[in-house]
Amino acid sequence: MVRVSGAPQDVARRLREGMARGVLSFPLTAFHDDGSLDPDGCRAHVADRLAAGPGALFPACGTGEFFSLDEDEYRQVVTIAVEEAAGRVPVVAGTGYGWAQAARFAGIAEEARADALLVLPHYLVAAPQDGLVAQLAQLAARTRLPLIAYQRDQVAYTVDSLRRIAGIPNVIGLKDGHSDLDRLQRLTLAAPEGFLFFNGAATAEVQARAYTAVGVPAYSSAVHAFAPEIAAAFRTALRGGDDETADRLLRGFYVPFVELRDRTPGYAVSLVKAAARLRGARVGPVRAPLTDPGAADLAALKDLLATGLGLVGAAL
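All values reported here derive from a predicted model rather than from experimental measurement.

What counts as what
Residues numbered from 1 in each chain as written. Predicted model: local features only at pLDDT ≥ 70, side-chain atom pairs only at ≥ 80, totals over all residues. Heavy atoms only, no water. Pairing = 2+ DSSP bridges. Helix = DSSP H or I, 4+ residues; strand = E, 2+ residues; numbered from the N terminus. Axes fitted to C-alpha atoms, helices over the stretch in contact; angles between N-to-C directions. Contact = heavy atoms within 4.5 Å. Buried < 20%, exposed > 50% of the residue type's maximum accessible area, 1.4 Å probe, protein only. Right-handed = clockwise from strand over helix to strand, strands pointing away. Core = buried A, V, L, I, M, F, W, Y, C linked by side-chain atoms within 4.5 Å.

S.K.: Hey, could you go over the sheet that holds strand β5 (residues 147–151) for me, with residue numbers and the actual values?
M.R.: Here we have five strands laid out as an open sheet, ordered β3-β4-β5-β6-β7, and parallel in their pairing. Each edge of the open sheet is held by one strand with a lone partner, namely β3 (92–95) and β7 (196–199). Sheet twist, expressed as the mean angle between neighbouring strand axes with direction ignored, is 25°. In this sheet, strand β4 (residues 116–119) lies alongside β3 in parallel orientation, the contact comprising four bridges. Note on β4: the bridge partner recorded for Ala93 is Leu117. Contacting β5, β6 (171–176) and β7, helix α7 (residues 181–190) runs over the sheet at an angle of about 160° to β7.

S.K.: Account for unusual backbone geometry, naming residues and giving values.
M.R.: A cis amide bond links Ala288 to the next residue, Pro289, at an omega of 15°. By the element assignment, Pro289 lies in the loop between α11 (267–278) and α12 (295–311). With phi around 70°, Arg113 is a residue other than glycine that occupies positive phi space. Within the secondary structure layout, Arg113 lies in the loop between α4 (99–111) and β4. Relative accessible area serves as the criterion here: at 40%, Arg113 is assigned to the partly exposed category.

S.K.: I'd like a description of the pairing of β5, backed by residues and values.
M.R.: For β5, the tally of buried residues reaches five of five residues, placing the bulk of the element in the interior. Residues of β5 alternate between two faces, with Leu147, Ala149 and Gln151 on one and Ile148 and Tyr150 on the opposite face, all of them buried. The parallel pair β5 and β6 is bridged by helix α6 (residues 159–166), and the resulting crossover is right-handed.

S.K.: An account of the nonpolar core is requested, with residue identities and associated values reported.
M.R.: Across soluble globular proteins, nonpolar side chains show a tendency to be buried alongside one another. With 107 residues, the main nonpolar core has Leu15, Phe58, Tyr74, Leu118, Phe226, Phe234 and Tyr254 as its most contacted residues. Setting aside chain neighbours within four positions, we find Leu118 in contact with Phe26, Phe58, Cys61, Val92, Ala93, Gly94, Thr95, Ile148, Ala149, Tyr150 and Lys175.

In structure tokens, the structure reads:
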């Protein structure tokens, strides 16, 4: 029998509690050198992320290369995350494409006992607001898991659409990757009480202060996948009003990391995976169409990582 972890309001409460404790962790998916899934590498990486104290775990999402996984691999990745988490933190699995395919992945996530789903932007086409709302409604009708909508790229909700998706019983939140703070402020003000919002900007720490100012303090941290010491130090400084430490980390690590990330499409994942390998994680290469960093970028990444770790008293 499929067991769903809890009612939407219970999952939302657990996520809210987790968001108050730590960053949202998006683990990598480990592959062997030949590109095949490495379940043991996945398990070790997830265990290490959990040991670093995240607020929640989001396997098989963007950083976890959801777009490159077949259904059996997806099942393994989500199952491993659920088993390792063992109820300590919520597990929110990625799903996406059109609603029909998203529903297939949702069914697998239910069977794997995930707590909720992050609905990644649909594939390829731009769509009107009615279609964006219908996409979520169609998926919601086919799963008992709570849903978190993810707006970025071709998905951007208006205030009216936000109210409509918030009225779908198992839609519990919105992750924002557009960084349009005017629009986001309007959305947060229009949302019903208890609706969750997440900062999903690339390298979210760089914009964390601005997001917090419009009522969205929780953020996903790709840096947590390879340097939880840096991620934890920044979050502590941010929450404690320690602007000096936050600025030092932004200047010395986060902004240079963003500049390196922006050199090549796909580096938002590829650099994260390369940095994890530099620290000894058995996560393997990225899958095409992503590419691993070349020698020059890898050397720059190694120097930057050593600098960032030095800023928080840790070593490569």
